[in-house]
Structures are given as structure tokens and as C-alpha cells.
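Observations on the three-dimensional arrangement
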Amino acid sequence: QGKKGIIFMEKYSLGEAAMNNFHFSNETEKKYALACLEFAKIIGLIDDSSLDAVEKRCKAENEKRRIQTENGETDYGLVEFPLSVNLDYELTRIKLDFASEKKEINYSFAPISKKEKKEFYKNNTDLFTRYGGDKFRFKEVDMIVAKKIREEQFENEIKNILHKFD
């Protein structure tokens with residue numbers, strides 16, 4: 001393990017307590033979550049990629065929801081987020097923001113050519129098939145194809161981060 005890997009694990013290794021608070025099923029799941037948070041920090045979506053920061057953001061969101069409830073405001077969803085649900089929400093939001101090329105992201109998105117999109121569509125027809133077996137036409141799912149390609153790019157970025165810390 002290289003020096004970067006040691007620093008990464010010292011920075012993020014919180015032991016059994018963090019595993020229990022966040023309900024990670026294993027160390028691999030924890031590392032994946034940490035890599036996603038680190039990538040979110042790199043691209044400017046969050047300022048702090050630590051699990052402590054996730055906990056602080058969760059507490060702030062729960063406080064906001066508590067105040068809304070006390071004020072009689074309608075708040076859709078959970079009244080209070082458990083820590084593990086908040087982490088799952090953050091990780092999902094990070095991936096979706098990346099896939100939709102949110103303007104706040106500091107990342108150089110390479111254009112996706114029509115040829116690349118059609119190739120992805122052709123190679124993943126199961127994703128674009130309706131219940132009855134008929135397929136969506138390419139032009140009906142063009143935007144979805146682009147987002148799926150971005151999701152693959154996201155996963156590749158996460159893999160790169162994980163490889164740096166092996």
C-alpha cells in the first residue's frame with residue numbers, strides 16, 4: 001500500500017463504530033462510499049468528504065425538517081433521516097448530479113457523440129425495452145442514453161479513486 005493509501009485509510013478508517021452508524025455491510029461498501037464522497041469533493045459538490053461531515057449535513061437536514069414541521073409547513077418524505085439513509089441519499093444525488101452534468105460541477109465533460117450513444121443503446125437494449133417486450137426508439141431515449149453513459153464515467157472515476165488507495 002502506497003503512502004496515499006495509508007493517508008486515505010488513516011483519514012477515513014473509523015472502525016466498527018462508523019460501520020454501525022452508517023450500516024455498512026462490509027469494508028468494501030464503506031470504501032466505495034468514501035471514494036464517492038471524495039470524488040464529490042474533487043468536483044466541487046461538497047466541501048468535506050469525511051463521514052463526520054455527512055453526519056453534520058444529516059443533522060442540519062433533520063433540524064431543517066424539524067423546524068418546517070413545527071411551523072406547519074408541508075415537508076415531503078421522511079420527518080427525520082437516519083444516518084444511513086442520508087448517506088444513501090447523498091451518494092445517489094452525487095451520481096445523478098454528475099450524470100446530468102449539473103453546472104456547479106467542476107469537471108471537463110467530454111462531448112458524447114451520437115455514434116457513442118447509438119452504440120450504447122445497441123449494446124444495452126434490455127435497458128430500453130418495455131414490459132411487453134417492445135423497445136423504445138433511440139430518439140425517445142437519447143437523453144437517457146447520455147445519462148447512462150455519464151453514470152458509467154462516474155463509476156470509472158470512482159474505480160480510479162479506489163485503485164489509488166489499494
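The rules behind these values
Residues numbered from 1 in each chain as written. Predicted model: local features only at pLDDT ≥ 70, side-chain atom pairs only at ≥ 80, totals over all residues. Heavy atoms only, no water. Salt bridge = Lys/Arg side-chain N within 4 Å of Asp/Glu carboxyl O. Helix = DSSP H or I, 4+ residues; strand = E, 2+ residues; numbered from the N terminus. Buried < 20%, exposed > 50% of the residue type's maximum accessible area, 1.4 Å probe, protein only. Contact = heavy atoms within 4.5 Å. Phe/Tyr/Trp six-rings, centres within 6.5 Å; stacked < 30°, edge-to-face > 60°. Lys NZ or Arg CZ within 6 Å of the ring centre and 35° of its normal. Core = buried A, V, L, I, M, F, W, Y, C linked by side-chain atoms within 4.5 Å.

Details of the pattern of salt bridges
With the rule as written, the count across this model stands at 15 salt bridges. Between R93 and D97 there is a salt bridge, with its nearest N and O atoms 3.1 Å apart. You can see R93 and its partner D97 sitting in helix α5 (residues 83–99), 4 residues apart, about one turn around the helix. R93 sits in the partly exposed class, given a relative accessible area of 34%. In this structure, D142 engages K117 in a salt bridge whose closest nitrogen and oxygen atoms are separated by 3.2 Å. One end of the pair, D142, is in helix α7 (residues 138–164); the other, K117, is in helix α6 (residues 114–123), and 25 residues separate them in sequence. On the accessibility criterion, D142 (26% relative accessible area) is partly exposed. Salt bridges sharing common partners tie together E61, K64 and R65.

Quick look at the environment of I149
With respect to the helices and strands, I149 occurs in helix α7. Given the relative accessible area of 10%, I149 is considered buried. Between the C-alpha atoms of I149 and A99, which are 50 residues apart in sequence, the distance is 7.8 Å. In contact with I149, not counting residues within four places along its chain, are I112, E116, K117 and F120.

Section: the packing of aromatic side chains
A full pass over the atoms with the stated rule returns 11 aromatic pairs. Judged by centre distance (5.0 Å) and plane angle (50°), the ring pair of F98 and F109 falls under tilted. Residue F98 is located in helix α5, and its partner F109 is located in the loop between α5 and α6; the two are separated by 11 residues in the primary sequence. Look at F98 and you get buried, because its relative accessible area is 0%. Seen in terms of ring centroids, Y121 and F138 are 5.5 Å apart; in terms of plane orientation they differ by 75°. Their pairing is edge-to-face. With a gap of 17 residues between them, Y121 in helix α6 and F138 in helix α7 connect regions that are remote in the sequence. Of the two residues, Y121 and F138, neither departs from the other in class, the shared state being buried. Each member of the aromatic cluster is reached from another via a ring pair, and the members are F39, F98, Y107, F109 and F154. Stacked on the ring of F136, the Lys or Arg R130 has its end atom at 3.9 Å from the ring centre.

Examining the nonpolar core
By size, the foremost hydrophobic cluster in this structure holds 26 residues, and its most contacted members are F22, L37, F39, L87, L91, F98 and F154. Secondary-structure elements contributing two or more residues to this core are α3 (27–42), α4 (51–70), α5 and α7. Take this core: its biggest share by element is 7 residues, from α3. Residues within four places of L37 in sequence aside, it is in contact with I46, S49, L51, V54, R57, L87, E90, L91 and I94. Judged by nonpolar contacts, the second largest core, of 9 residues, contains I112, F120, Y121 and F138.

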